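Observations on the model geometry
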Amino acid sequence: MKPAANSTDARTTAIEVLCLWATTHGSVDLFLNSAIEQLADIDRGLAKTMVYGVLRQKEYLDYIVRAHTRHPLRKMKPRTLMTLRVGVYQLLFLHRIPESAAVNATVNTLKAARQPGWLVGFVNGVLRAVARSRATLPTADQMAAQEPPLLNHPAWLIERWQAQFGRDTALAICRKNSVEPPLTLRVNSRRTSHSRLLEQLHKSGITACSGLYSPLSVVITTYPGAITALPGYEEGAFQVQDEAAQLASLLVKPLPLRARLLDGCAGLGGKTTHLAEMLPPGGAVVAVEPDSRRYRLLRDNLRRLGHGQAVSAVHRDLQTYATTRPTLFDVVLVDAPCSGTGVIRRHPDIRWNRQPEDFAGYQQTQLQLLEIAARLVKPAGALVYATCSLEFEENEEVISHFQEKFPHFQVENVAELLPETAQRLVTGTGYFRSSPADGLDGFFAARLVNQRSL
Ligand SMILES: C[S@@+](CC[C@H](N)C(=O)[O-])C[C@H]1O[C@@H](n2cnc3c(N)ncnc32)[C@H](O)[C@@H]1O
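Residues numbered from 1 in each chain as written. Predicted model: local features only at pLDDT ≥ 70, side-chain atom pairs only at ≥ 80, totals over all residues. Heavy atoms only, no water.

- The name given to the protein chain in an unreviewed UniProt entry is 16S rRNA (cytosine(967)-C(5))-methyltransferase, with Desulfobulbus oligotrophicus as the source organism.
- Quoted straight from UniProt, the Catalytic activity (unreviewed entry) entry for the protein chain says "cytidine(967) in 16S rRNA + S-adenosyl-L-methionine = 5-methylcytidine(967) in 16S rRNA + S-adenosyl-L-homocysteine + H(+)".
- As its UniProt record puts it under Subcellular location (unreviewed entry), the protein chain is described as follows: "Cytoplasm". (UniProt positions renumbered as here; feature names shortened; annotations may be inferred.)

1. Comments concerning the overall build of the protein chain
- For the protein chain, the helix and strand inventory stands at 18 helices and 12 strands.
- Taking the principal axes of the C-alpha coordinates as reference, the protein chain spans close to 75 × 45 × 40 Å.
- Classification of the 454 residues of the protein chain by burial places 55% in the buried group.
- Taking the intrachain contacts of the protein chain between residues at least 6 apart in sequence as the baseline, contacts between residues at least 24 apart amount to 74%.
- Carbon and sulfur atoms make up 52% of the accessible area of the protein chain, which amounts to about 20,100 Å² in all. (Helix = DSSP H or I, 4+ residues; strand = E, 2+ residues; numbered from the N terminus. Buried < 20%, exposed > 50% of the residue type's maximum accessible area, 1.4 Å probe, protein only. Contact = heavy atoms within 4.5 Å. Areas by Shrake-Rupley, 256 points an atom, 1.4 Å probe, with all protein chains shown as cover.)

2. What to know about the UniProt feature "binding site: S-adenosyl-L-methionine" (unreviewed entry) in the protein chain
- Following the UniProt record, one finds the feature "binding site: S-adenosyl-L-methionine" (unreviewed entry) at Glu-289, Asp-317 and Asp-335. Of the residues just listed, which span 47 residues, no C-alpha pair is farther apart than 13.1 Å, and they cluster in one region.
- Here Glu-289 is to be found in the loop between β6 (284–288) and α14 (292–305).
- When its relative accessible area of 6% is taken as the criterion, Glu-289 is described as buried.
- A polar contact is formed between the side chain of Glu-289 and the backbone nitrogen of Gly-267, at a distance of 2.7 Å.
- Counting through the fold element by element, Asp-317 comes out in the loop between β7 (311–314) and α15 (318–322).
- Of the residues examined, Asp-317 reaches a relative accessible area of 30% and is grouped as partly exposed.
- Apart from the residues within four sequence positions on either side, Asp-317 is in contact with Val-288 and Pro-290. (Polar contact = N/O pair within 3.5 Å; in protein donor to acceptor, adjacent residues only side chain to side chain.)

3. What about the UniProt feature "active site" (unreviewed entry) in the protein chain?
- Following the UniProt record, the feature "active site" (unreviewed entry) maps to Cys-388 here.
- Structurally, the position occupied by Cys-388 is in the loop between β9 (377–387) and α18 (396–405).

4. Points about the confidence of the model for the protein chain
- On average, residues of the protein chain score 95 in pLDDT, and 98% of them are at 70 or above.
- Low confidence marks residues 1–8, where pLDDT is under 50. Its contacts with residues over four positions away, or in another chain, come to 10 contacts. (pLDDT = per-residue confidence, 0-100.)

5. Looking at unusual backbone geometry
- Cis rather than trans, the peptide bond between Glu-147 and Pro-148 has omega equal to -10°.
- By the element assignment, Pro-148 lies in the loop between α8 (140–145) and α9 (155–165).
- The peptide bond linking Lys-253 to Pro-254 adopts the cis configuration, its omega dihedral lying at 0°.
- Of note in the backbone geometry, Arg-258 takes a positive phi value of approximately 55° without being a glycine.
- Looking at the element boundaries, Arg-258 is found in the loop between α12 (243–249) and β5 (260–263).
- Residue Arg-258 is classed as exposed on the basis of its relative accessible area, which comes to 58%.
- One non-glycine residue, Arg-325, lies in positive phi territory at about 50°.
- Within the secondary structure layout, Arg-325 lies in the loop between α15 and β8 (329–335).

Structure, rendered in structure tokens:
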């Protein structure tokens, strides 16, 4: 059977992206975003599903490949190994794809790449053998539950999490990271209401419900299409954002009338736009982002969500912005660059890209940003520090090092700022800490108040 040209494109794209990732260990999202541009919507979704799926199940897929060939995986070229992984992933996880299409279309990518006949025959043979035995193969869930469990994470990271959180939580995090997370939206309360957005989604046949933790959240369990095709997208009715990130932004409250806020690491504006929605009358937000691609997307988001007036976007780094000596702010948010170990379920390459020695470097950057930000906070104002990392070095340790130099910034317990449903995510010290084990992205956030009086 000859596969449709488009489905071959999705597989070729997935394999090319995975090969590029394997040789550079760069961000798979950046590779994917540029590679899928020329694909049709349906193929974009399939290419992304295969790339993310292979990264989430890499060790399990390798276990299955190993069981069907005597050829050592470490001696295979990246294209061979990635083609096998993409093929096995389709056979064992994408049940909507017929077996013959999964095998033939995957093998055809090798022919299109002018690979030698013996290699095409080898990959074809392995995939057909997996297809024949698939009813009797152990599932990924069974392998994750056996002793020792196969968890699709590097051993050093599992050990690190076991030391920090205990064995049960570490294993729960790994298991959650191997499953596709839901798509979560934050309602733009300036444009629509929670119930209206839910109704709009239901009318379009999309199953959605309220989240468990954040009152503004709408959770869509399965949606294979493009975000831009969701009803309400163009009108700015929502922002895609995990519930944990939505809760972290609540730490900027309470805000005085005409409050001035600084988002010191704005990124694409996930939190900037939330801050704009919380602003009291006469308030304003300054959003700083040095990366050109992110800055452009930040501007797009501000326009789409209708915050062009209230937010001034600044294309600089925080250090340079601070040298302009701006008027001091009521609240400064530092949502710092970090290892991202809390968002591995959404960015599955992170688990394979990080190394144990990376955390010290992140800590240094985070402390530097926090110290610059602290000098921009008004007396009696607040500094909110957040990361999407699970690591102690990037969170609690950053706060304690910061306080050694800035003892007039005192940690404030954030329990009162969070909804009842999120109280269990407040630590004994008064920080906000979520984990994939709770069904959320892993976030840390702290609120520090400048005790110097006016
Ligand atoms: C964790 S992301 C921010 C995510 C964003 N707040 C959101 O909610 O969507 C950190 C951001 O900090 C930016 N960044 C890196 N170095 C910076 C610096 N020196 N000053 C300001 N921002 C910086 C990065 O480009 C990145 O966009």
